[in-house]
Structures are given as structure tokens and as C-alpha cells.
Amino acid sequence: MSSASQPIGVIAKLLDLSERRVQQLSREGVIPKATRGQYDLIGSVRGYVRYLRDQAAKAQAGAPDYAAERARFIRARADLAEMEAEEKRGSVIAAEDVEAAWIAMLALLRTRLLALPDRLAPRLHAEASPAGVRDVMRGAIREALEELAESDVRPERDEDPDLEAAGDGGVAPDGAILAEGADAAAGADDR
């Protein structure tokens, strides 16, 4: 056996690689293979050093590193799986569900506020003093706010067909999201 040719085990130990990785690098043309499981010692070291320099140059030039990209992909998949598990546990709420709930709550608030003048006009007309008018208005506002605080606003969901039938929300004919207890008797200008 010549000193210039060494078995794969020696080359692997010298380069601090596994024998399998030495074989892969040989197939890629990085490490020259001599004959019958023997590898050229000097050619193997030079080829591997050249390979490492090329990898470093690619990393500095901004070329994507396969291992880093794969690790990033695996982390992203794990994060996605964790988010899906949290959503199923009910510990997170989808942003569109939160947005729909806020829209429903604000539509209910708008309906309640726009209904106040029609509801209060007869009572306010009967009041003799500004203090009485103020008390009636404050009472009506507090009552509306208490109703809002007690209401259970839920946006309509595609997977729950019973939601609209139960009156716990839904979409009005004009496309607005309704909430439980919304004043359906409000005038056309109140919607």
C-alpha cells in the first residue's frame, strides 16, 4: 500500500468526517478516489480544503446555505404546527375572528346609540328641567352600556350553521354583522 493512497477510514479521521460523508464528497467530485476503496491522501485534503473555501465564499456572497434553509423550514413547520395545536386547544384566536367580533360589537354599539334619540325624545320632552333631561339621558346611556357589557357577541362562522338560526349573530341583509340582542326594530337610518 502506497503512502499516497489511504483507506476511507484514514481519510475520514483526517478530515473529521464520517466514512459516508467521504463517499458522498467522492461522488460529488470533491475528493478524488483512487482504486478499490483507497483515496489519494494529498488530493483528498486539497479537494476538501477547496470545497470548504468555496462553501465559505458562497456564504459570504449571500448564496443560500442548504442546511440553514432546511433548518429554517423545519422551524417554520414546527411553529405552524404549534400554532394549530394552540388554536385547537382554544388558547389563541384567529385575527379574523377577533376582527369580526369587534365589528359585531361596534355595529351593536352603533345601533344602540342611534336608537337613543327615538327612544328618549318623548321622555325628554316631558322633563321640565335640564337636570331631569340629564338624568334621563344618563340613565339611558348606562342602560345601553350595561346591555352591551352583557351581550355575547359572536361572529358568524361558516362551520356553525346553527349560529344564525339561534339569533346569536349573523349577517344582516345589507351585509352588516349582527350581534345577540341587536335592536332589530331600529329605523333604516339607525343601521
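Structure first, text after, so check above.
Predicted, not measured: the structure shown is a model, and the values here were computed from it. (Residues numbered from 1 in each chain as written. Predicted model: local features only at pLDDT ≥ 70, side-chain atom pairs only at ≥ 80, totals over all residues. Heavy atoms only, no water.)

Enquirer: What is the right way to read the side chain of Ser26 from this model?
Expert: By secondary structure assignment, the location of Ser26 is in helix H2 (residues 19–27). The exposure class assigned to Ser26 is buried, which follows from its relative accessible area of 16%. Contact partners of Ser26, with chain neighbours within four places excluded, come to Ile31, Lys33 and Tyr39. (Helix = DSSP H or I, 4+ residues; strand = E, 2+ residues; numbered from the N terminus. Buried < 20%, exposed > 50% of the residue type's maximum accessible area, 1.4 Å probe, protein only. Contact = heavy atoms within 4.5 Å.)

Enquirer: Before we go on, may I ask you to explain helix H3 (residues 41–60) in this structure?
Expert: Here H3 is 20 residues long and its end C-alpha atoms lie 29 Å apart, about the 28 Å a rise of 1.5 Å per residue gives. Buried residues of H3: Gly43, Ser44, Gly47, Tyr48 and Tyr51, and no others. For H3, the angular spread of buried residues about the axis comes to 125°, placing them on one side. Facing away from the buried surface of H3 by more than 90 degrees, the exposed residues are Ile42, Arg46, Arg50, Arg53 and Gln60. Where H3 starts, the residue carrying a side-chain oxygen 3.0 Å from the main-chain nitrogen of Gly43 turns out to be Asp40. In the segment just after H3, Gly62 is the residue with positive phi, at about 90°. (Expected span 1.5 Å × (residues − 1). Arc of directions from axis to C-beta. Polar contact = N/O pair within 3.5 Å; in protein donor to acceptor, adjacent residues only side chain to side chain.)

Enquirer: Explain unusual backbone geometry to me, please; I cannot follow it from the model alone.
Expert: Backbone geometry follows two general trends: most residues other than glycine have a negative phi, and most peptide bonds adopt the trans configuration. Even without glycine at this site, Asp16 takes up a positive phi of about 60°. Looking at where Asp16 falls in the secondary structure, it is placed in the loop between helix H1 (8–15) and H2.

Enquirer: Looking at this model, I keep getting lost on a nonpolar patch on the surface. Mind explaining?
Expert: Taken together, the side chains of Ile93, Val98, Trp102 and Leu106 define a hydrophobic patch exposed on the protein surface, amounting to about 440 Å² of accessible area. Mapped onto the secondary structure, Val98 falls in helix H5 (residues 95–126). (Patch = residues over 30% accessible without salt bridge, like charges linked within 9 Å, V, L, I, M, F, W, Y side chains within 5 Å. Areas by Shrake-Rupley, 256 points an atom, 1.4 Å probe, with all protein chains shown as cover. Salt bridge = Lys/Arg side-chain N within 4 Å of Asp/Glu carboxyl O.)

Enquirer: What's the story with H5 in this structure? I'm lost.
Expert: Side chains that are three or four residues apart share a direction in an α-helix, a result of its 3.6 residues per turn. Between its first and last C-alpha, H5 extends 47 Å over 32 residues, near the 46 Å set by a 1.5 Å rise per residue. Roughly 50° is the biggest bend found in H5, and it falls at Leu120, with proline Pro122 one to four residues downstream. Here H5 has its buried residues at Asp97, Ala100, Ala104, Leu108, Thr111, Arg112, Ala115, Leu116 and Leu120. (Bend = angle between axes of the 7 residues up to and from the residue.)

Enquirer: Quick question: what am I supposed to make of the packing of aromatic side chains here?
Expert: Ring pairs (aromatic) are described by centroid distance and by the angle formed between their planes. All told, the structure shown has one aromatic pair when counted by the stated rule. Seen from their ring centres, Tyr48 and Tyr51 are 6.2 Å apart, and the 25° between their planes marks the pair as stacked. With Tyr48 and Tyr51 both in helix H3 and three residues apart, the pair spans about one turn of that helix. Here Tyr48 falls in the buried class, since its relative accessible area comes to 13%. (Phe/Tyr/Trp six-rings, centres within 6.5 Å; stacked < 30°, edge-to-face > 60°.)

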